[in-house]
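Coordinate inspection notes
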Amino acid sequence: TCIGDSITQGTGSGKNIGGTTYSTAWPDAQYRTRIAARLAANGYKPKMLGIWKKNYKEATGLVQPEDWSWHSGISGDMIMTYGTRGGVRDNLHVYLDAAGNVDALTLLIGTNDIGAGGKTGEETYIAYTNLLFDIARQRPATKIVGSTILDRDGDGNKAKIAAFNALLKADYAAGRLPANYTMLDLFEDVPLTTGETGNFFDDLLHPHWVGCSAIAEGFAAGVM
């Protein structure tokens with residue numbers, strides 16, 4: 001199963017990129033589609049859990065296939081509670097109960113805590129590690145594949161992201177994180193570039209299909 005925010009949801013990841021038009025309709029426009037394809041090509045039989053949008057069924061009238069049901073990424077999601085909105089950690093039991101005993105869980109979260117939530121990199125990192133240990137305690141046999149926070153631009157948060165990522169890499173290298181946790185450095189592997197010729201849309205926050213493919217390659221390798 002995949003837990004995250006609008007990046008995992010697939011916001012804006014379709015569109016015309018490099019002369020190819022990719023659908024923005026679920027489930028074609030997120031990195032989970034590519035993870036499933038990569039795992040299948042390597043002999044796995046993936047059952048990917050997670051909806052494209054929280055209200056997809058209501059908005060379209062289409063029935064969600066069982067293999068894509070439950071949480072994958074909801075726009076604006078944070079680790080911590082913000083205003084009246086519950087954070088991922090608050091609702092973790094709902095997601096894990098729905099997913100069951102999955103073999104692997106991917107986690108790409110934290111950018112909204114720093115952005116809209118206004119938290120420091122250090123505060124966000126403490127929340128992230130608490131979330132990791134919560135997941136590990138409830139699902140000790142599940143492989144957790146997480147990542148550094150992706151780069152973003154235009155809102156003065158680069159130093160906060162750098163602080164979060166430095167703490168995560170140091171603790172991972174020192175073996176201070178759960179034994180079933182694998183860290184990816186998607187900040188480095190999916191670099192921020194301007195415009196649609198790189199990995200992100202012009203908002204320099206949401207990856208388009210090229211960036212989603214790079215994210216998926218990292219997650220698939222981490223799962224395998």
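Up top is the structure these notes are about.
Right, let's get into the pairing of strand E5 (residues 143–147). Looking along a regular strand, one sees side chains alternate from face to face of the sheet. Along E5, four of the five residues are buried, which leaves the element largely enclosed by surrounding structure. The pairing of strand E4 (residues 104–108) with E5 spans four bridges and is classified as parallel. Note on E5: the bridge partner recorded for leucine 107 is glycine 146. Examined bridge by bridge, E5 and strand E6 (residues 181–184) share four bridges and lie parallel to one another. Following the sheet pairing, valine 145 is matched in E6 by threonine 182.

Here we come to the packing of helix H2 (residues 31–41) against helix H9 (residues 209–223). Their axes nearest at 8 Å, the elements H2 and H9 cross at an angle of 45°. By the angle between their axes, H2 is oblique relative to H9. Classified by chirality, the crossing of H9 by H2 is right-handed. Where H2 approaches H9, its residues Tyr31, Thr33, Arg34, Ile35, Arg38 and Leu39 are matched on the opposing element by Trp209, Cys212, Ser213, Ile215, Ala216, Glu217, Phe219, Ala220 and Val223.

One finds Leu107, Tyr128, Leu131, Leu168 and Tyr181 to be the most contacted residues of the largest nonpolar core, which totals 25 residues. It is helix H6 (residues 121–138) that contributes the most residues to this core, seven residues altogether. In this structure leucine 107 touches Ile3, Tyr128, Leu131, Leu132, Ile135, Val145, Gly146, Ser147 and Phe219, once residues within four positions along its chain are discounted. With 24 residues, the next largest nonpolar core counts Ala104, Val145, Leu150 and Leu184 among its residues.

Given a rise of 1.5 Å per residue, 16 residues ought to cover 22 Å, and the 22 Å separating the end C-alpha atoms of helix H7 (residues 158–173) matches this to within 8%. Along H7, the residues that are buried comprise Ile161, Ala163, Phe164, Asn165, Leu168 and Asp171. At its buried positions, H7 is contacted by helix H5 (111–114), H6, E5, E6 and helix H8 (186–189). Just beyond H7, the residue with positive phi is glycine 175, at close to 75°.

Each value, and the rule that gives it
- Residues numbered from 1 in each chain as written.
- Predicted model: local features only at pLDDT ≥ 70, side-chain atom pairs only at ≥ 80, totals over all residues.
- Heavy atoms only, no water.
- Buried < 20%, exposed > 50% of the residue type's maximum accessible area, 1.4 Å probe, protein only.
- Helix = DSSP H or I, 4+ residues; strand = E, 2+ residues; numbered from the N terminus.
- Pairing = 2+ DSSP bridges.
- Axes fitted to C-alpha atoms, helices over the stretch in contact; angles between N-to-C directions.
- Parallel < 35°, antiparallel > 145°, perpendicular 65-115°, else oblique.
- Left-handed = near helix turned anticlockwise from the far one by under 90°.
- Contact = heavy atoms within 4.5 Å.
- Core = buried A, V, L, I, M, F, W, Y, C linked by side-chain atoms within 4.5 Å.
- Expected span 1.5 Å × (residues − 1).

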